[in-house]
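Here's the letter readout for the chains.
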Amino acid sequence: MHIAIAGNIGSGKTTLTKMLAKRYGWTPHFEPVDDNPYLNDFYADMQRWSFNLQIYFLNKRFKDVVAISQSSDTIIQDRTIFEDARIFAPNLHDMGMMSDRDFDNYSDLFDLMMSLVKLPDLMIYIRSTVPNLVSHIARRGRDFEKSIRIDYLEGLNKRYEDWIKTYQGHLMIVEGDNIHFEQSVKDFQTVTDMIDERLYGFFPLDDQKR
């Protein structure tokens, strides 16, 4: 089974992935961040490095999707291949940070990959406002994220909302401004109850039913 977590930068995807993997015994697949050779360059000069970064992510994410499809484990994935193509690349293109030629090339490659990819069994989208994202980004203190522009986050948020409205698979939305799953046991319980209802068709009464 394939569970995927989607959401903007700083929405809490990695944290929720870790918590759910531990809670259910699922195998986590994390977004390649710390060993990404393009991120520092990208945030310093988006226009120069946008295509390189998006191709890197597309390559890594497609490898993940292939591995997930071949696995007998239940996989929970931190960010999806769909977000790269439906959110990040179009946003960079609209901002003038990716040329028409590079965007068309990228889109053609993504469309080819999609002919071989199926939707996750459950997509969990963490919705969050920009002020909440900024707070989370500041708290985790990654140097390469200090230069992220507010208009960049705003553009991504709009595209996330547009994408989610048209998403055709099984979808669950977590309101990240109101459900503080990392700080509150009760809020995390709210998330797991939602997952249990969608995947297994029941609201568990106790831990023995999970």
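Along each chain, residues carry numbers from 1 onward, in the same order as the chain's sequence is written. Since the coordinates come from a predicted model, pLDDT governs what is reported: local features require at least 70, and pairs of side-chain atoms require 80 or more to be given and counted, while whole-chain, interface and lining totals use all residues. Hydrogens and waters are ignored; side-chain quantities use all the structure's heavy atoms.

Asker: Would you take a moment to explain the nonpolar core for this structure?
Answerer: Nonpolar side chains in soluble globular proteins tend to end up buried together. In this structure, Ile9, Tyr43, Ile81, Phe82, Tyr152 and Trp163 are the most contacted members of the largest nonpolar core, which totals 40 residues. Contact between two residues is taken to exist if any of their heavy atoms lie within 4.5 Å; hydrogens are not considered. If we ignore the near neighbours within four places in the chain, the residues touching tryptophan 163 are Ala6, Thr80, Phe82, Glu83, Arg86, Ile87 and Met123. In these notes, a set of buried Ala, Val, Leu, Ile, Met, Phe, Trp, Tyr and Cys residues joined through side-chain atoms within 4.5 Å is what counts as a nonpolar core. Only protein chains enter the accessibility calculation, which uses a 1.4 Å probe. A residue is then buried if its area is under 20% of the maximum for its type, exposed if over 50%, and partly exposed in between.

Asker: How do you make sense of the packing of aromatic side chains when you look at a structure like this?
Answerer: The geometry of an aromatic ring pair comes down to the distance between the two centres and the angle between the two planes. Two aromatic rings, drawn from Phe, Tyr or Trp (for Trp, its six-membered ring), form a pair once their centres lie within 6.5 Å of each other, and the interplanar angle then sorts them: stacked below 30 degrees, edge-to-face above 60, tilted otherwise. In the structure shown here, the tally under the stated rule is 10 aromatic pairs. Judged by centre distance (6.0 Å) and plane angle (45 degrees), the ring pair of tyrosine 38 and tryptophan 49 falls under tilted. Here tyrosine 38 is found in the loop between β2 (27–29) and α2 (39–44), whereas its partner tryptophan 49 is found in helix α3 (residues 46–70), with 11 residues between them in sequence. Look at tyrosine 38 and you get partly exposed, because its relative accessible area is 24%. Their ring planes at 65 degrees and their centres at 6.0 Å tell us that tyrosine 56 and phenylalanine 57 sit as a pair that is edge-to-face. The residues tyrosine 56 and phenylalanine 57 share a single accessibility class, namely buried. Either the NZ atom of lysine or the CZ atom of arginine qualifies as a charge over a ring when it sits within 6 Å of the ring centre and within 35 degrees of the ring normal. Over the ring of tryptophan 49 we find arginine 48; its NZ or CZ atom is 3.8 Å from the centre of that ring. Working definition: helices are DSSP H or I runs of at least four residues, strands are E runs of at least two. Numbering for both runs from the N terminus.

Asker: How do you make sense of the side chain of arginine 79 when you look at a structure like this?
Answerer: Looking at the secondary structure, you find arginine 79 in the loop between β3 (75–78) and α4 (81–94). On the accessibility criterion, arginine 79 (4% relative accessible area) is buried. Polar contacts, as used here, are pairs of N or O atoms within 3.5 Å; protein pairs need one atom able to donate a hydrogen and one able to accept it. Residues neighboring in sequence count only if both atoms are side-chain atoms. Side chain to side chain, arginine 79 and glutamate 83 meet in a polar contact 3.5 Å long. Setting aside anything within four residues of it in sequence, one finds arginine 79 in contact with Ile5, Gly7, Asn8, Ile9, Lys13, Glu31, Arg61, Phe88 and Tyr160.

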